[in-house]
Structure formats: C-alpha cells, structure tokens
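Listed here are the chains, written in short residue letters.
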Amino acid sequence: MKKHISKIIAATVSIGMLSSATPAPAQQVANLTPSTGNVEIVASAGNRLQLEVSKGRLVRLERPAATVFVADPEVANIQVKSPSLIYVLGKKPGETTLFAVDGKERVLANIDISVTHNLDALRGVLENFHPNSGVQVSSISSNLVLDGVVSSASVAEDMRRLALGFAGDEKSIINRLGVAAPNQINLRVRVAEVSRDVDKQFGFNWSLLGSIGGFSLGLGSANPFAGSVTQQTLTAAASLGKWDFNAVIDALEEEGLVSVMAEPNLTALSGETASFLAGGEFPILVPSSDGNVTIEFKKFGVSLAFTPTLIGTDRVNMHVRPEVSQISSTNSITLSGYDVPSLTTDIVDILDQMVISSTGEDFRILIVDDDSSTARYTQTILQSAGMIAEFITEPLKIMETLEDYSPELILMDLYMPDCNGQELAAVVRQEESFSGVPIVFLSGEADVDKQLVAMRAGGDDFLTKPIKSNHLISSISMRVRRFRMLRSQMVRDSMTGLLNHTTTHEFLDKEVARAHRGKSSLTVAALDIDHFKAVNDTHGHAIGDVVIKSLSRLLKQRLRGTDIIGRMGGEEFAAVLADTTAEQAFGILDKIRQDFAAITHKSDAGNFSVTLSCGIAEYPKHQTSSELLEESDKALHEAKHGGRNRIVLDKN
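These figures come from a predicted structure and were not determined experimentally.

(A) Structural view of the packing of aromatic side chains. Using the criterion set out here, one finds 3 aromatic pairs in the structure. For the ring pair F166 and Y377, a centre distance of 6.0 Å and an interplane angle of 10° mean the geometry is stacked. Here the residue F166 occupies a position in helix α3 (residues 153-167), and Y377 occupies one in helix α7 (residues 372-384), the gap between them amounting to 211 residues. For F166, a relative accessible area of 19% translates into the label buried.

Here it is, written out as structure tokens:
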C-alpha cells in the first residue's frame, strides 16, 4: 500500500490493490529538500457531513477513486464498498476531514466531517423518564451540553447520570440545568430538661412514641396521674393518626414536668450548615512556649449543627450533630495556682436520609432485563434516588446472583430469551430463602389479562412501560418498605434491631457457601459483655438494656454494611466479617473493644464503664458454620478465663 507523507493525512485506504507495498524507508524522508516549484494546498470545498456517534452515511463519488483517507480515524472510520461508494461511520465526537483522489491524484472529494453525540437517543431517554421536561441537549465539539430548568435537584442529577452514559466522561458534560424547587430547609428544635425523679414517676419510655431523624422520642405512661394530666392532648394527637410531639411537650410544660431550655429555629441552604448553642462560655488558662499565660474561652451547653441537602421534592439528606457538654472537675488541672476545669462531652453524629417519614439503609434492587441499555438506564434512575441497583442480562444466572447480592426487590422484564419473566418468577418462588422477596414486572405488555397471568406465577406488581421515573421510584420504595417491615418482625431482635439468633445462623450458612465458591477468607467473632449480671444487679435492668444497645450501636457504626451482626441472646453477640482474615478482624474488633470500654454510662448509682471479651475463628481453617460458631465460642471462654477485656484467636 502506498503511504502518503503529509501532516494532515492520518489514515489511507488504497483501492484496487490486493497487497501492501513496503513503506518508504525513513532515510528517504530525511533526505527530502524543499522544492523550488509551486506547492498546491487543497482548500476546503465547503462540503460538510454531520454524523452522530455509531451512525453512518454513504458517500457516492462521481468517478472511481484510487485512495480514500480521513485525517483522524479516531473520530470517523471509513469502509470502501466500491471504488465510487464510501461508508463513513462516526466513532467519537469531534471533527475531521475526508479526502478521495483518483489514480492521477485529482481530488474527487474534500469533505469536512463533524461527529456529535447521539442526541436523538439521549432526547428519547430523557423524554421517557422525564416527560415534558423541556431540557435541551446539544453537542459542542466533544462536549455534551444540558440546558434548562427542572423541578428538583434529584431530577437534575438523574439527567446528568443519563447523559453520562452517552458522554462517557464526566468532564465532557457541561451541566447548565437550573433547579426551580426551594433550596432552604427549616428545622424547629426544642431542648427540654426532665429530672430523673419526674422521669421515673411519670413513666417515660423514650422509644415508644416515635423518632425525628435519628433522635428517639416517646411517652409510655402507666401512671394514673400522668395519664390524667395529658390524656386529652394525647388522645387528640392520636386521633390524627400520629402523635403530635409539640402538643406532648406543651402539655408536660404546663404541668411543670418539663422545662423547655431553648426553642431555636434553624434555617439553612441546601448543602450548608446551621447551628445553635444553648449555654455559654467559660475562660481557661493556656500556657505558651514563652512562659506567658493567655485566656481562651470554651463553649459549653447544648448545641446542634445540621447540614441538610435537598435531593428531591420529598427527600432530604440530613447530617445532624448534637452535642451536650458541661463543666466538670474530673480531669481538671492546676495551673499557676488556678484550677482549670474540664469539659465532659456527649456527641451523637447522625447521617439520616429521610424519605417522607422513613429512614434506613439504601434499598437493594436487582434488575433482570436482556437489553443491557434498558437495564442500565433503569439502574441509573434507581441509583439517583439513593438505591443500590445491580442488573443482569442473562436470566438463567439469577439464582447465583440472588445468593451473592441478596436483593430486597427484583425488577424483571416479562419477555426475555431462554426464560421469560413468568417462568423466572416461578423458579425464584420455589427457593425458600427468596420466596418473600417482592417481584415487580416492568414491561411494555399492556394486555391486563397477560399481566395477571404473569403475576399469578409469583409477581407482586406489574408496571407498564413507558413509566415516569418518580412513579417507578415510588412503586419500588413502597414495596421494599413493606418487605422490610415484615422481614424485620421475623428476623430482627426487637431491642437492638440486630439479626436474631436463628437468622444469624442462616446468614452465616450463606456466607460460608459464598466463601467456599470464591475461595475467600471469612471470620466469625463471638462477643460477650463482661460482668453483665453485676451491671443489672447494681444499676437495674433498664440501664443494662442501655449498655446492650450501646454495644449494638457501636458494632453497627464500626463494622461494614456487608458484615453480619447478630444478638445471640442476653449480652452475647456474633459478627461475621466476609473477605477478612482473623488477623485483620483482630485489629478491627480490638479497636471496638477499646472504644466500648471508654464509654461512660450513667445511672443513679453512679457513672460506670463496661468491657467486653471476644473470641475469633476463621474459615477455611474451620469448614462449616457450626464449627466456626463452636470454635469462636471456645476462644471467647478462653478470653473470659484469661481475665476478660481481651480478644483471643482460636488455637487452630
């Protein structure tokens, strides 16, 4: 093949030659000398060809060409179908030039090619998921531009994710979308003080009434006096279908049972932080390196900082940081004859995502659709709503995926090759472990009779394409919430919210099977609170429950979301750490042990702290779940007999 030497020619196609000739030696290029003759520069002919990525056009020449080439083959590719017919294919956004010359090197075609993103397909996707949004899309050079005003930040993020699938690179998207929704959040805070004596007399139970974000609030009264004081208020609130927290506090304040210390209203822009402090400042002495002493002021009291982020018309991500501090003589020091007090501080750091009135972990959705592009778009929509979504395009692999992924809902197409949705639903329902997982069909099938036939095979709902993204999200969220509620009643410990004894065993069996298939490590830990009977005897069972809850909360905070944590009974817990060796688990759990021992618990009998002991066993040194539990329990007993407040690896 003849090789043309030119700064602008990047690729050539020679026509009518079956074999390639040897390229000109490099020294021939080096020996070229400037010509004394005229040099002809072929100017643009003004012909322009516009293409979209992955689309092509045919170019027919007036007479046969000997050579056809493009300046940048990364932007456009050419296929010569015949000496006078050329197929041009857009590869990526950009611009290039196509030349065709005959055997006498006369220019037959000089065409400027502009390749843009597949805008028609993107517009169709945006219209499908967000009808009548009015958002404009355009392609400038290699960039994809989104322009318009949308109803909420979540819709804007949804569209950005959809566009990313066409742009391929985050940097290639120019996002000019505006949001018409409000961007301020108001939080009303009431800080109230209740004495312990009144608390006991009145019969408070701060877990019955409900919760605001991550803060539990409740009232359970078995005291006749307490019931008569607020009976009318509480009955009126209950008649509305929910308790009125403000009405309860007002009623208690009127009877002198609650003292409201502060009632700030905090307003913050989405993504910004607002805070308040109900307390004051006190001076402390700070020595410097030159021997002088300066005075600094430290804040103390009740403070709250919250950072809300709007991600939808009814969805708020809220980071709440409440703090209670007081001046204490504990750990105080004497400096230059002055006593410098210390601060005791209780901090709760909460990150709640509130959808209407619900909180919790992200929903886990499995999408089954043989069309990968449709599955990916559905995945993007669900992910933009804060869900964890995975998809498979081979229906026959669903059982393997269910074991590994453990979804809370299966979103399934009805018509697929090899195995349709109706048959697949029947197969899933035969597996006891997943018999209760909701199955929702998402299909273009509009025949109600056929929809009912599919649902009789094991489906819970049928959604018809096209569907608005907010309708899809709402339908899935409703189903998963109900599934969680029913499952929680069966598999969760009522006090801590951890897995119960039976469910922990079942989950461990699955993890052992998964570790066996993946030839990976797995660690099981048995934990027990030291001298817990003495805690109950000295401080009471109510305080003992608080200690149990504090350990369960610490385990949930420090371990991964994929780790299994269960309450095996009383003060005994179990943790299953996948893809973790015994040595790695030792480091993680030892830090938890130290942090748990540092927690100060309060009761009428005085402040106290508690320790824990732990035993660890590892797969594949022990092959079955029963062996792992037995060996970890033996190691736990060894830790107990060795002095407690320690972690022991099993002897094997």
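(B) A look at the nonpolar core. Counting 37 residues, the largest nonpolar core has I365, L382, L411, L472 and I476 as its most contacted members. Of all the elements, α3 adds the most residues to this core, at 7 residues. Listed in part, the 28 residues of the second largest apolar core include I529, I548, A585 and I616.

(C) Broad picture of the environment of F573. Position of F573 relative to the elements: it lies in strand β30 (residues 572-578). Given the relative accessible area of 1%, F573 is considered buried. For F573 and L527, which are 46 residues apart along the polypeptide, the C-alpha to C-alpha distance reads 5.0 Å. For F573, the contacting residues outside a window of four places in its chain are L498, A525, A526, L527, I529, I548, L551, S552, L555, G566, R567 and M568.

(D) Main features of the environment of I410. Mapped onto the elements, I410 comes out in strand β25 (residues 409-412). By relative accessible area, I410 is classed as buried at 0%. In sequence terms I410 and F441 are 31 residues apart; their C-alpha atoms lie 8.3 Å from each other. When near neighbours in sequence (up to four residues on either side) are disregarded, I410 contacts L366, V368, I398, L402, V428, V437, P438, I439 and V440.

(E) How the structure looks around the sheet that holds β25. Ordered in space as β24-β23-β25-β26-β27, the 5 strands form an open sheet in which the pairing is parallel. Only two strands of the sheet have a single partner each, and these edge strands are β24 (388-392) and β27 (461-464). Adjacent strand axes in the sheet meet at a mean angle of 20° when their direction is disregarded. In this sheet, β27 lies alongside strand β26 (residues 439-443) in parallel orientation, the contact comprising 4 bridges. Looking at the pairing, V440 lines up with D461 of β27. Seen against the sheet, helix α8 (residues 398-405) touches β23 (364-368), β24 and β25 and runs at an angle of roughly 165° to β23. Its contacts with the sheet place helix α9 (residues 421-429) against β23, β25 and β26, and it is angled at close to 170° to β26.

(F) Structural detail: the sheet that holds strand β32 (residues 647-649). If you walk across this open sheet you meet the 5 strands as β29-β30-β28-β31-β32, and the pairing is mixed. Edge positions in the open sheet fall to β29 (564-569) and β32, since each of these has one partner strand only. Recorded for the sheet is a direction-independent mean angle of 20° between the axes of neighbouring strands. Summarising the sheet, strand β28 (residues 522-529) and strand β31 (residues 612-619) pair through 8 bridges and their orientation is antiparallel. Bridging from a neighbouring strand, A526 pairs with G615 of β31. Along the sheet, helix α15 (residues 582-597) contacts β28, β30, β31 and β32; its crossing angle with β31, the most-contacted strand, is approximately 165°.

(G) Representation of unusual backbone geometry in the model. The peptide bond linking K465 to P466 adopts the cis configuration, its omega dihedral lying at -10°. Here P466 shows up in the loop between β27 and α11 (469-491). Note the cis peptide between Y619 and P620, where omega equals 15°. By secondary structure assignment, the location of P620 is in the loop between β31 and α16 (625-641).

What counts as what
Residues numbered from 1 in each chain as written. Predicted model: local features only at pLDDT ≥ 70, side-chain atom pairs only at ≥ 80, totals over all residues. Heavy atoms only, no water. Phe/Tyr/Trp six-rings, centres within 6.5 Å; stacked < 30°, edge-to-face > 60°. Helix = DSSP H or I, 4+ residues; strand = E, 2+ residues; numbered from the N terminus. Buried < 20%, exposed > 50% of the residue type's maximum accessible area, 1.4 Å probe, protein only. Core = buried A, V, L, I, M, F, W, Y, C linked by side-chain atoms within 4.5 Å. Contact = heavy atoms within 4.5 Å. Pairing = 2+ DSSP bridges. Axes fitted to C-alpha atoms, helices over the stretch in contact; angles between N-to-C directions.

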